[in-house]
Structures are given as C-alpha cells and as structure tokens.
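Coordinates in review
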Amino acid sequence: SVPFVSPSETDAHLLASDAGLSDVELLRRFVAQIDQLAMTTIIARHGSMVMSVCRQVLRNEHDAADAFQATFLVLLKKAGSLGKFTSLAGWLYAVAHRVANKSKSRSSWRKKREGSGIAMTPIAPPNVPVDEETVGFIHAELRSLPEKYRLPLILCCLEGATREVAAEQLGWTL
C-alpha cells in the first residue's frame, strides 16, 4: 500500500516536469520507483474525467468520491500488471464506470434491505443530462463503441482534450 500525499509547493516543479511524460512512462516510473509524483500526475491528468463518470452514474457526491478513490486503488493494484493499452484514459473510464455501477447496485440492494434508509441527495453535474435514463443510455452506447471511436470521445468529451492532444496521446494522426 502506497500512502498518497498532496505534492508540496517544493514538489510543484517536479510535478510540472512529469506533465510532459506519457501515461505509460508515468506508470513505469511509479511501478519501478514507487514514484508518488508520477501517480499524482496521472491523477491530476485523468481525475476530473473519473470523478465526472462517478458522479454521473451515482448522483451522490459521497458515493462518487468513494468510487473515484476505488478506481485509482484498482490502478495502484494493477499498475505493475497492466499490459499494453492504447489509452489509460479509456482504461480508467471503464474501471470508473464498472466501480460506480457496482456501488450503485450495492447501494440499491442496501436501501431495499434497510427498508427506509437515509435518502441520498441526487446531484446534477453541469452540462450533463439530468435524466438518469439518458445518462445510462449515453454510457451504454459509449461502452459499446469500438475502441477507435470510444477513446477519442473519452479524451475529448470527458477529459476536455483538444483533437490535437487526443491524437497525440493515442499516437494517431489528426
């Protein structure tokens, strides 16, 4: 288990130097050296997308935060055994969606079992359809796309990357 600490201001220049590295290089550094700054850079790079997916699926800030943490714990556990992947963003999206859906199922089961449990506060992230059925449909369609179509959408629409940055990260031409 690797404890995480927020990078101090003195580490800010090291974090900035990690920003130019690819996800694969950062993962290799993390695995080889247990480099917390490399993992912090990965989290900084992909964290907002992971949190957005968790929020959209779970609609509860606390549950979304738990699913966010669980997603990156999966990455920590599997970092050394991850084979070749086209995009860490795509891998993290799939893990975040799976973790959030499992959490949602457990929450639903727990609510049924407890009878009248505490009502969870639904949240509506900005620029996201509020209708839960629509959000579920969008994620189902996104998961069903072939990787060559899914990965650019994850990078551009969920992570906010430009087409140029997405093409560069994927090793594709524009």
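Residues numbered from 1 in each chain as written. Predicted model: local features only at pLDDT ≥ 70, side-chain atom pairs only at ≥ 80, totals over all residues. Heavy atoms only, no water.

We now examine the overall build of the protein chain. Each helix and strand counted, the protein chain has eight helices and zero strands in total. In sequence order, the secondary structure elements of the protein chain are arranged as α-α-α-α-α-α-α-α. Counting across all 174 residues of the protein chain, residues that qualify as buried make up 35%. Put simply, 60% of the contacts in the protein chain that link residues at least 6 apart link residues at least 24 apart. Here the protein chain displays about 10,600 Å² of accessible surface, and carbon together with sulfur accounts for 56% of that area. (Helix = DSSP H or I, 4+ residues; strand = E, 2+ residues; numbered from the N terminus. Buried < 20%, exposed > 50% of the residue type's maximum accessible area, 1.4 Å probe, protein only. Contact = heavy atoms within 4.5 Å. Areas by Shrake-Rupley, 256 points an atom, 1.4 Å probe, with all protein chains shown as cover.)

Counting across every chain of the model gives three salt bridges. Asp-35 is the partner of Arg-29 in a salt bridge, and the nearest nitrogen-oxygen pair spans 2.6 Å. Judged by relative accessible area, Arg-29 falls into the partly exposed class, the value being 28%. The class for Asp-35 is buried, based on a relative accessible area of 12%. Put simply, Glu-61 and Arg-55 hold a salt bridge, and the shortest N to O gap is 2.8 Å. (Salt bridge = Lys/Arg side-chain N within 4 Å of Asp/Glu carboxyl O.)

Turning to the confidence of the model for the protein chain, a few remarks are in order. For the protein chain, the mean per-residue pLDDT works out to 80, and 75% of the residues sit at or above 70. Across residues 1-14, where pLDDT falls below 50, the model places 14 contacts with residues more than four positions away in sequence or in other chains. (pLDDT = per-residue confidence, 0-100.)

With respect to the element layout, Asp-23 can be found in helix α2 (residues 23-33). Taking the relative accessible area as the measure of exposure, Asp-23 reaches 10% and is therefore buried. Side-chain polar atoms of Asp-23 contact the side chain of Arg-45, separated by 2.7 Å. In this structure Asp-23 touches Ile-42, Arg-45, His-46 and Leu-88, once residues within four positions along its chain are discounted. (Polar contact = N/O pair within 3.5 Å; in protein donor to acceptor, adjacent residues only side chain to side chain.)

In this section: the environment of Leu-151. Looking at the secondary structure, you find Leu-151 in helix α7 (residues 147-158). In the structure, Leu-151 is positioned 16 residues away from Ala-167 in sequence and 9.9 Å away in space, judged by C-alpha atoms. Contact partners of Leu-151, with chain neighbours within four places excluded, come to Thr-86, Ser-87, Gly-90 and Leu-170.

What follows covers the packing of α2 against helix α3 (residues 36-58). Put simply, α2 and α3 touch, their axes get as near as 8 Å, and they point 145° apart. Between α2 and α3 lies a crossing of left-handed hand. When α2 is examined against α3, the residues Asp-23, Leu-26, Leu-27, Arg-29 and Phe-30 are found in contact with a partner set consisting of Ala-38, Met-39, Thr-41, Ile-42, Arg-45 and His-46. Classifying every residue of the contact of α2 with α3 gives six nonpolar, two polar and three charged. (Axes fitted to C-alpha atoms, helices over the stretch in contact; angles between N-to-C directions. Left-handed = near helix turned anticlockwise from the far one by under 90°. Nonpolar A, V, L, I, M, F, W, Y, C, P; charged D, E, K, R; others polar.)

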